[in-house]
Amino acid sequence: MEKLDYEQMNGLSLAYIGDAIYEIKVRTHLVSTGLTKVNDLQKKSRHYVSAKAHAAIFNLMRDDHYLTEEELHYFKRGRNAKSYTKAKNTNVVAYRISTGIEAMVGYLYLSGQSERLDQMMDYLYEQVEQGRVDDAKTK
C-alpha cells in the first residue's frame, strides 16, 4: 500500500478513504453472515451505512465513552470540514456526523491501526445487531 500522510490530509480526504474502507468491511461482514441475495444485502446494509445510522452509532460511541481523544480529533476534523455536496435523504447534522465517522475510519486505516479498526467495526456490528442503533435513531 502506498503510504499517505494522514496527518496532513483534510477531513474530506480522510472521509473519502474511510467511506470505502467502512463499506467493504460492512459488506464483508454481511456476506459472512450467510446472506446471499443482493437485495437482502442492500436492505441490511442501510442499518450500518446510512447517515442516520452513522449519527446513531456516533451517539452510542459517545455515550459508551468508546472513542479515544485521538479518534475524536479525527472525527471532528471530518465533521467540521466544509463539504460542497448536499445531504441526501437526511439532515445536515446527520450528514456531517457521517462524514466525521468516515474520516475517523480513514484515519485508523491510514495510520495502520487495523486492530483498533477491527475492534471498532465489531463494536458497531454488535450495536446494530442488538437493535441499539435503531433505538438511538428514534430518540
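Values in this document were obtained by computation on a predicted structure and should not be read as measured data.

**Some points on the packing of helix α3 (residues 51-63) against helix α5 (residues 92-110)**
Right, so step 1: In the contact formed by α3 and α5, the axes pass within 8 Å of each other and the chain directions differ by 70°. Between α3 and α5, the interaxial angle falls into the category roughly perpendicular. You can see that α3 and α5 cross each other, and the crossing is left-handed. Within the contact between the two elements, α3 uses A51, H54, A55, F58 and M61 and α5 uses A94, Y95, I97, S98, I101, E102 and M104.

**Topic: the nonpolar core**
Right, so step 1: One finds Y22, Y48 and M61 to be the most contacted residues of the largest nonpolar core, which totals 39 residues.
Right, so step 2: Sorting the residues of this core by element identifies α1 (11-32), α2 (38-49), α3, α4 (69-79), α5 and α6 (114-129) as the ones contributing at least two each.
Right, so step 3: The element that contributes the greatest number of residues to this core is α5, accounting for nine residues.
Right, so step 4: With near-sequence residues (within four places) excluded, Y48 lies in contact with Y22, V26, H29, L30, A53, H54, I57, L124, Y125, V128 and E129.

**Structural notes on unusual backbone geometry**
What you tend to see is this: most non-glycine residues have negative phi, and most peptide bonds are trans.
Right, so step 1: The backbone of H65 shows a phi angle near 50°, a positive value even though the residue is not glycine.
Right, so step 2: Within the element layout of this structure, H65 appears in the loop between α3 and α4.
Right, so step 3: Classification of H65 by relative accessible area gives exposed; the value is 71%.

Scoring rules and cut-offs
- Residues numbered from 1 in each chain as written.
- Predicted model: local features only at pLDDT ≥ 70, side-chain atom pairs only at ≥ 80, totals over all residues.
- Heavy atoms only, no water.
- Axes fitted to C-alpha atoms, helices over the stretch in contact; angles between N-to-C directions.
- Helix = DSSP H or I, 4+ residues; strand = E, 2+ residues; numbered from the N terminus.
- Parallel < 35°, antiparallel > 145°, perpendicular 65-115°, else oblique.
- Left-handed = near helix turned anticlockwise from the far one by under 90°.
- Contact = heavy atoms within 4.5 Å.
- Core = buried A, V, L, I, M, F, W, Y, C linked by side-chain atoms within 4.5 Å.
- Buried < 20%, exposed > 50% of the residue type's maximum accessible area, 1.4 Å probe, protein only.

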